[in-house]
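Next come the chains, spelled out residue by residue.
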Amino acid sequence: MENKMLGNYRPYLFLDGEKDCSLVIKENTQILVQIADFSLFHSRKFSFVLEKNSSLIVALADFSKGKGNLHFDASLLGEGASFLFDGSSLATKEDSKNIEVNVIHQTQGTKSLTSMHGIASGNSHLIFSGLSKINKGAKKSETRQEAKIIMFDQSSFSRCSPALKIEENDVIASHGAVEGRLSDLELFYLESRGIEEKEARRLIAFGYLSPVSRYFHEEIKEKILSSSEGGI
């Protein structure tokens, strides 16, 4: 992999596929699951089991068209396991997408962060939901879920529903969600500096959707950047 930031992470790349995926991340192993979709949106399920001191990053770059559900389950089974989900999704026209990420902390000293950014335009629907659960006995564990979705048009719809289920006291757990219409103030600020509305919308979309490109090698990274710029 060309991206030095990812160090020793071993990549598994999924491109515009219909396949479900089930992986066991072995002890002391670092895995990067890269999902990049640019054509048709397919309903798929991904499940992961993380053993002791293993680490998993799931990077989702979704610029596909269509309707369906993406479902992710991560079970942090071994002490010291860590899970990061970082996703971007663009819904346009009549798209209807539901992305769900569930994380279960089974034992102590585990960590997870789920982060989702999205844009909905036209008549599209974009929904993010997820659960972070810390089981009884999973002391010293940490979890956070966060989601931000902007609706670019009056007819578009979004919903962010992160949730926590905590069965242990000695933990750190939080969640946050931001959803709403494209800010008139943001547009006004850019337009007051000579940027036309269409270009301003493009810049805002690029800023929201492009950061996930850092997980991918150059060829796919360029495609993500191009899709982030041209999708609105």
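Fair warning: this is a prediction, and the values are worked out from it, not measured in the lab.

S.K.: Which residues make up the pattern of salt bridges, and what are the values?
M.R.: Overall, the coordinates contain eight salt bridges when judged by the stated rule. A salt bridge links Asp37 to Arg44, with the shortest nitrogen-to-oxygen separation between them at 2.5 Å. Where Glu146 meets Arg144, a salt bridge forms, and the shortest distance between an N and an O atom there is 2.9 Å. A relative accessible area of 30% places Arg144 in the partly exposed class.

S.K.: Just give me the short version of the nonpolar core, but keep the residues and values in it.
M.R.: In terms of nonpolar packing, the biggest core is built from 33 residues, with Val33, Phe48, Leu56, Val58, Phe72 and Phe83 touching the most fellow members. With four residues, the top contributor of residues to this core is strand S6 (residues 67-76). Excluding residues that lie within four positions of it along the chain, Phe72 makes contacts with Ile35, Phe46, Phe48, Val58, Phe85, Ile99, Glu100, Val101 and Asn102. If you look at the next biggest cluster of nonpolar residues, it comprises 21 residues, including Ala36, Ala205, Leu209 and Ile224.

Here is what the cut-offs are and how they apply
- Residues numbered from 1 in each chain as written.
- Predicted model: local features only at pLDDT ≥ 70, side-chain atom pairs only at ≥ 80, totals over all residues.
- Heavy atoms only, no water.
- Salt bridge = Lys/Arg side-chain N within 4 Å of Asp/Glu carboxyl O.
- Buried < 20%, exposed > 50% of the residue type's maximum accessible area, 1.4 Å probe, protein only.
- Core = buried A, V, L, I, M, F, W, Y, C linked by side-chain atoms within 4.5 Å.
- Helix = DSSP H or I, 4+ residues; strand = E, 2+ residues; numbered from the N terminus.
- Contact = heavy atoms within 4.5 Å.

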